[in-house]
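A structural walkthrough
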Amino acid sequence: MTCRAISPLTAAALCVKSRGQMTARQAVNAEALKAASAEFTARRLAMRFRGLLRGGTVEELDAWLIDARASGIYAMQRFARTIRQDLEAVRNAAEPWSNGQTEGQINKLKTLTRAMYGRAGVDLLPARMMPL
């Protein structure tokens, strides 16, 4: 056990961090949480969800949603209910393609217009957006 209380934010971070990325102190804290709390089984569910999104195995998402609802952990149940509301977006998150380039250009345009306090007209914006 650790000699101090672990904050909820730290505990949540330990739930989603893989063992290989943890420092020695974080590993000790994770083990202490696992031993002290029966609800730390949320880590297993969180790591499975992370694997679903990173590994591209979205077919197992339905089984994960059933397990999360049956876990008895309110936060996981609420998270699973929220995912069900936009299930198609979660399934698309594991796709190999991305619209990140488009979003980056939109972000750049919005940043420029904010920096110029809304004075960016039709003539000035293309000049600022185009590289030299």
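Now for a look at the structure at hand. Given the structure is predicted, the values throughout are model-derived calculations rather than measurements. (Residues numbered from 1 in each chain as written. Predicted model: local features only at pLDDT ≥ 70, side-chain atom pairs only at ≥ 80, totals over all residues. Heavy atoms only, no water.)

**What to know about the overall build of the protein chain**
Convention followed: For the purposes of this entry, the term helix denotes a DSSP run of H or I that reaches at least four residues, the term strand denotes a run of E that reaches at least two, and both are numbered from the N terminus. For every residue, the accessible area (1.4 Å probe, protein chains only) is compared with the maximum for its type, and the residue is labelled buried under 20%, exposed over 50%, or partly exposed between those bounds. Contacts: residue pairs with any heavy atoms within 4.5 Å of one another.
The number of helices and strands found in the protein chain is eight helices and zero strands. Taken from the N to the C terminus, the helices and strands of the protein chain come in the order α-α-α-α-α-α-α-α. Buried positions account for 26% of the 132 residues belonging to the protein chain. Within the protein chain, residue pairs in contact and separated by at least 24 positions form 46% of the contacts whose partners lie at least 6 positions apart.

**Overview of a positive patch on the surface**
Note the following rule: Patch definition: residues above 30% relative accessible area lacking any salt bridge, with like charges linked at up to 9 Å and the nonpolar side chains Val, Leu, Ile, Met, Phe, Trp and Tyr linked at up to 5 Å. Areas reported here follow the Shrake-Rupley algorithm with a probe of radius 1.4 Å; residue values treat only the protein chains shown as occluding. A pairing counts as a salt bridge when a side-chain nitrogen of Lys or Arg comes within 4 Å of a carboxyl oxygen of Asp or Glu. Only four residue types enter the tally: Lys and Arg on the positive side, Asp and Glu on the negative side, with His and both chain ends excluded. To locate a charge, the coordinates of NZ of Lys, CZ of Arg, CG of Asp or CD of Glu are taken.
On the surface, Arg69, Arg78, Arg81 and Arg84 cluster together into a patch of positive charge. Positionally, arginine 84 belongs in helix H5 (residues 74-85).

**Topic: the packing of aromatic side chains**
So the rule is basically this: Paired rings are identified among Phe, Tyr and Trp, the last through its six-membered ring, by centres lying within 6.5 Å, and are further divided according to the angle between planes into stacked (under 30 degrees), edge-to-face (over 60) and tilted (the rest).
For the structure shown, the criterion picks out three aromatic pairs. A centroid spacing of 5.2 Å and a plane angle of 85 degrees characterise the contact between phenylalanine 49 and phenylalanine 79, whose relative ring orientation is edge-to-face. With phenylalanine 49 in helix H3 (residues 42-55) and phenylalanine 79 in helix H5, this pair connects stretches of sequence that are 30 residues apart. On the accessibility criterion, phenylalanine 49 (12% relative accessible area) is buried. Classification of phenylalanine 79 as partly exposed rests on a relative accessible area of 36%.

**Overview of the environment of leucine 53**
Locating leucine 53 in the fold gives a position in helix H3. Distance in space between the C-alpha atoms of leucine 53 and asparagine 92 is 9.4 Å, their sequence separation being 39 residues. The residues contacting leucine 53, other than those within four sequence positions of it, are Val90, Ala93 and Ala94.

**A look at the environment of threonine 10**
Tracing the chain through its elements places threonine 10 in helix H1 (residues 8-16). When the C-alpha positions of threonine 10 and glutamine 26 are compared, they lie 9.3 Å apart, and in sequence the two are 16 residues distant.

**Section: the nonpolar core**
Under the convention used in this document: As used in this record, nonpolar core signifies buried Ala, Val, Leu, Ile, Met, Phe, Trp, Tyr and Cys residues forming a set joined through side-chain atoms within 4.5 Å.
Residues Phe49, Leu61, Trp64, Leu65, Met76 and Ile83 are the most contacted members of the largest nonpolar core, which totals 16 residues. It is H3 that contributes the most residues to this core, five residues altogether. With sequence-adjacent residues up to four places away left out, isoleucine 83 is seen in contact with Phe49, Trp64, Leu65 and Val90. Listed in part, the eight residues of the second largest apolar core include Ile6, Ala11, Leu33 and Phe40.

**Considerations on H3**
Operational definition: Helix span, as expected, comes to 1.5 Å for every residue beyond the first.
Helix length check: H3 (14 residues) gives 19 Å between terminal C-alpha atoms against 20 Å at 1.5 Å per residue, within 8%. For H3, every residue scored as buried is listed here: Ala42, Arg43, Leu45, Ala46, Phe49, Arg50 and Leu52.

**A few points about the pattern of salt bridges**
As a working rule, side chains carrying opposite charge can pair if their charged atoms are close by. With the rule as written, the count across this model stands at two salt bridges. With a shortest N-O distance of 2.7 Å, arginine 48 and aspartate 67 are connected by a salt bridge. Here aspartate 67 lies in helix H4 (residues 61-70) and arginine 48 lies in helix H3, a separation of 19 residues in the sequence. Classification of arginine 48 as partly exposed rests on a relative accessible area of 30%. The partner of aspartate 62 in a salt bridge is arginine 91, and the shortest N-O contact between them spans 3.0 Å. One end of the pair, aspartate 62, is in helix H4; the other, arginine 91, is in helix H6 (residues 87-92), with 29 residues separating them in the sequence. A relative accessible area of 24% means that arginine 91 is categorised as partly exposed.

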